[in-house]
Amino acid sequence: MSGTTKHEAGGVAYEKRDKSYFESRELVRHANVWHLWALGVGAVISGHFSGWNFGFATGGWGGMLVAGMIIAVMYLGLVFCIAEMSPALPHTGAAYSFARTAMGPWGGFITGLCENVEYVVTPAVIAFFIGSYVGGIVGGDIPPYIWWIVTYIAFLCLNVFGVALSFRVTLIVTLASLAVLVVFWISAIPNMDFSRWALNIGADPATGAAVELPEGNGSYFPFGFSGVLATLPFAVWLFLAIEQLPLAAEESVDPKRDMPRGIIAGMLTLMVSAFMIVLLNPSVIGVGAFKLGSSGEPLLDGFRAIYGDAGAVLLGLIALVGLIASFHTIVFAMGRQVYSLARAGYFPNALSVTHPTYKTPHVAMLAGAILGLAIMMIMWFSLGGEAAGSLIGSVLLNMAVFGAMCSYIAQAVSFILLRKNQPHIARPYRSPLGIPGAVLTIIIGVVTLLYQVQDPNFSKGVIWVILWFAIGIVYFALIGRHKLILSPEEEFALEHKG
């Protein structure tokens with residue numbers, strides 16, 4: 001039976017749905033710890049193939065390294081928070097679920113909306129880089145947006161046709177991506193000249209802009225400490241989306257045991273890979289940090305410098321593997337994130353219906369894909385198409401990082417509030433960093449946001465993010481909050497209300 005109850009504290013109305021509502025929104029448990037590890041690493045790994053390298057133009061090599069270390073500390077704090085919260089609240093809602101229990105319906109919705117920006121825009125960023133790589137491989141006059149559309153269609157199909165297939169593909173492409181990176185590291189070491197190439201960026205005395213030093217041997221920090229801070233948003237790309245693992249909680253065989261193991265192992269894997277790529281990619285003879293500061297295909301540039309153009313097609317296909325891994329896994333996360341908010345009524349319920357045969361949230365994935373692709377197309381034509389170049393990727397990246405930073409801060413705040421106000425919730429795993437680790441995550445996240453605002457490309461993307469937030473908040477205030485459903489996340493939050 002259906003019914004409506006009122007929850008006065010949050011000013012929201014709940015509809016209690018019958019069994020058929022949840023039967024049409026079922027998920028299937030399949031993932032083990034290795035699937036979860038692959039989901040986390042695979043989501044991030046494209047950030048080691050493209051995107052992170054724009055930080056050389058703002059911080060130089062030393063600035064990029066130190067920014068990466070600072071962001072790694074932030075993510076360690078976040079990952080330990082999530083490792084504690086996810087088995088304690090093992091629901092698909094993840095960030096929204098944590099914040100809903102800690103801060104009520106409005107806190108849950110705002111956090112979910114921040115994460116929604118991240119998971120809808122991030123696949124668009126990766127699709128942009130896939131288009132750049134494919135265009136470099138095949139050449140010709142095919143517009144990049146054709147490759148964007150093809151990418152979305154292909155991986156929507158893989159994600160729709162069953163969770164077992166999706167996790168199998170995730171594990172395969174993640175292992176393949178790491179293999180590609182290991183091959184690059186081994187190939188780069190005998191072909192590197194660190195001082196000549198990694199340190200070939202200087203600062204123009206008149207404008208402060210990055211300039212190439214023909215003989216290299218420049219400063220580690222050509223833009224000073226302010227350059228390190230300005231590089232933080234780009235360093236985020238080395239770890240962005242590791243936090244998506246809890247979105248697979250209801251598809252994990254044993255989330256209370258496997259979720260902490262998967263996310264911590266994934267973070268350690270990514271820290272090693274991030275250091276190796278930051279050290280070796282710009283150090284390859286003929287590449288250099290200056291060139292990588294504006295490159296849409298940095299790993300491919302490194303492979304070409306080592307092996308020449310003769311095998312460019314093969315090298316390009318190899319370099320595509322990491323982008324494919326991340327696109328596939330983040331489309332998975334995007335579908336679950338939209339699904340969880342829709343199942344609870346924060347978004348329209350129709351978005352949470354799962355496929356009758358494959359039990360995957362196909363409607364949510366399709367809706368998120370259409371929105372992400374629409375944003376790309378609008379930016380492509382409004383910014384001048386081919387003339388926009390890497391500007392589109394940089395603007396999209398800033399949008400994704402902005403949404404991610406806001407959700408990270410909210411999740412760390414949720415961790416602190418749950419520790420303080422609800423100490424009796426069963427916690428199969430406890431963060432060794434505790435509240436200090438969460439506070440450090442908040443501080444670094446806030447500083448990253450402050451410096452992101454100073455990026456001129458940010459001003460172009462922030463308008464879209466503000467509009468996104470405004471539409472979402474108005475919808476929830478006028479409609480969504482009156483139509484919430486007693487989903488697993490909501491029932492848990494009400495039962496453990498402080």
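Residues numbered from 1 in each chain as written. Predicted model: local features only at pLDDT ≥ 70, side-chain atom pairs only at ≥ 80, totals over all residues. Heavy atoms only, no water.

Draft legend 1. Region of the structure containing the overall build of the protein. If you tally the helices and strands in the protein, you get 17 helices and 5 strands. Taking 498 residues into account, the globule formula puts the C-alpha radius of gyration at 23 Å, and the protein, at 22 Å, falls close to it. When burial is assessed residue by residue, the protein has 61% of its 498 residues classed as buried. For the protein, the proportion of contacts with a sequence separation of at least 24, taken over those separated by at least 6, is 80%. If you sum the accessible surface of the protein, you get close to 17500 Å²; carbon and sulfur atoms cover 69% of it. (Helix = DSSP H or I, 4+ residues; strand = E, 2+ residues; numbered from the N terminus. Rg over C-alpha atoms; globule rule 2.2 N^0.38 Å. Buried < 20%, exposed > 50% of the residue type's maximum accessible area, 1.4 Å probe, protein only. Contact = heavy atoms within 4.5 Å. Areas by Shrake-Rupley, 256 points an atom, 1.4 Å probe, with all protein chains shown as cover.)

Draft legend 2. Spatial organisation of the pattern of salt bridges. Overall, the coordinates contain 12 salt bridges when judged by the stated rule. Between Glu 15 and Arg 17 there is a salt bridge, and its shortest N-O distance comes to 2.7 Å. A relative accessible area of 18% means that Glu 15 is categorised as buried. For Arg 17, a relative accessible area of 26% puts it in the partly exposed group. For Arg 257, the salt bridge goes to Asp 254, with nearest N and O atoms at 3.8 Å. (Salt bridge = Lys/Arg side-chain N within 4 Å of Asp/Glu carboxyl O.)

Draft legend 3. Region of interest: the nonpolar core. Core analysis: the biggest nonpolar cluster contains 164 residues, and Tyr 75, Phe 184, Leu 299 and Leu 396 have the highest contact counts within it. If you tally residues by element for this core, the top one is helix 4 (residues 95-138), at 20 residues. If we skip the residues at most four places from it in the chain, Phe 184 touches Ile 277, Leu 280, Asn 281, Val 284, Leu 299, Gly 302, Phe 303 and Ile 306. (Core = buried A, V, L, I, M, F, W, Y, C linked by side-chain atoms within 4.5 Å.)

Draft legend 4. The confidence of the model for the protein, seen in detail. Across the protein, pLDDT averages 89, with 96% of residues at or above 70. Ranking the elements of the protein by mean pLDDT puts strand 1 (residues 3-7) last, at 48, and helix 7 (residues 194-198) first, at 97. Across residues 4-9, where pLDDT falls below 50, the model places 16 contacts with residues more than four positions away in sequence or in other chains. (pLDDT = per-residue confidence, 0-100.)

Draft legend 5. The arrangement of helix 5 (residues 144-160) in detail. Here helix 5 contains 17 residues, and its C-alpha end-to-end distance of 25 Å stays within 8% of the 24 Å for a straight helix at 1.5 Å per residue. Buried within helix 5 are the following residues: Pro 144, Trp 147, Trp 148, Thr 151, Tyr 152, Phe 155, Leu 156, Asn 159 and Val 160. Phi turns positive, to about 105 degrees, at Gly 162, one or two residues after helix 5. (Expected span 1.5 Å × (residues − 1).)

Draft legend 6. The arrangement of the side chain of His 35 in detail. Mapping His 35 onto the fold places it in helix 2 (residues 33-45). Setting aside anything within four residues of it in sequence, one finds His 35 in contact with His 30 and Phe 167.

Draft legend 7. The pairing of strand 2 (residues 12-16), seen in detail. The element strand 2 is largely enclosed, with a buried count of 4 among its 5 residues. Both strand 2 and strand 5 (residues 484-485) contribute to a ladder of 2 bridges, which runs parallel. Note that in strand 5 the partner of Tyr 14 across the bridge is Leu 484. (Pairing = 2+ DSSP bridges.)

Draft legend 8. The packing of helix 4 against helix 17 (residues 488-495), seen in detail. For the pair helix 4 and helix 17, interaxial distance at closest approach is 8 Å and the crossing angle is 25 degrees. Judged on the interaxial angle alone, helix 17 and helix 4 are roughly parallel. Like other packed secondary-structure pairs, helix 4 and helix 17 cross with a definite hand, here right-handed. Contacts from Tyr 96, Ser 97, Arg 100 and Thr 101 of helix 4 reach helix 17 at Glu 489, Glu 490, Phe 492, Ala 493 and Leu 494. Grouping the constituent residues of the contact of helix 4 with helix 17 by class yields 4 nonpolar, 2 polar and 3 charged. (Axes fitted to C-alpha atoms, helices over the stretch in contact; angles between N-to-C directions. Parallel < 35°, antiparallel > 145°, perpendicular 65-115°, else oblique. Left-handed = near helix turned anticlockwise from the far one by under 90°. Nonpolar A, V, L, I, M, F, W, Y, C, P; charged D, E, K, R; others polar.)

Draft legend 9. Structural view of a nonpolar patch on the surface. On the surface, Ile 378, Ile 463, Trp 464, Leu 467 and Ile 471 cluster together to form a nonpolar patch covering roughly 480 Å² of accessible area. For the nonpolar patch, the element with the highest residue contribution is helix 16 (residues 456-478), accounting for 4 residues. By secondary structure assignment, the location of Ile 463 is in helix 16. (Patch = residues over 30% accessible without salt bridge, like charges linked within 9 Å, V, L, I, M, F, W, Y side chains within 5 Å.)

Draft legend 10. Up close: the packing of helix 6 (residues 163-188) against helix 11 (residues 298-307). In the contact formed by helix 6 and helix 11, the axes pass within 11 Å of each other and the chain directions differ by 45 degrees. Considering their axes alone, helix 6 and helix 11 lie oblique with respect to each other. In this structure, helix 6 meets helix 11 at a crossing whose hand is left-handed. Where helix 6 approaches helix 11, its residues Val 180, Leu 181, Val 183, Phe 184, Ser 187 and Ala 188 are matched on the opposing element by Leu 299, Gly 302, Phe 303, Ile 306 and Tyr 307.

Draft legend 11. Examining the environment of Tyr 475 more closely. Locating Tyr 475 in the fold gives a position in helix 16. What makes Tyr 475 partly exposed here is its relative accessible area of 26%. Separated by 127 residues in sequence, Tyr 475 and Pro 348 have C-alpha atoms that sit 9.7 Å apart. Sequence-distant contacts of Tyr 475, defined by excluding residues within four places in its chain, comprise Tyr 346, Phe 347, Pro 348 and Gly 480.

Draft legend 12. Focus on the environment of Leu 397. With respect to the element layout, Leu 397 can be found in helix 14 (residues 390-421). Judged by its relative accessible area of 0%, Leu 397 is buried. Residues Leu 397 and Trp 52, 345 residues apart in the sequence, show an inter-C-alpha distance of 9.7 Å. Once residues lying within four places of it in the same chain are set aside, the contact partners of Leu 397 are Gly 51, Val 125, Pro 233, Phe 234 and Trp 237.

Draft legend 13. Focus on helix 11. Counting buried positions along helix 11 yields 7 of 10 residues, so the element is predominantly enclosed. A positive backbone phi angle near 80 degrees is found at Gly 308, which sits one or two residues after helix 11.

Draft legend 14. Highlighting the state of the cysteines. Counted under the stated rule, the structure contains 0 disulfides. Not engaged in a disulfide, the cysteine Cys 114 finds its nearest cysteine sulfur in Cys 406; these two sulfurs lie 4.6 Å apart. Residue classification places Cys 114 among the buried positions, given a relative accessible area of 6%. (Disulfide = S-S within 2.5 Å.)

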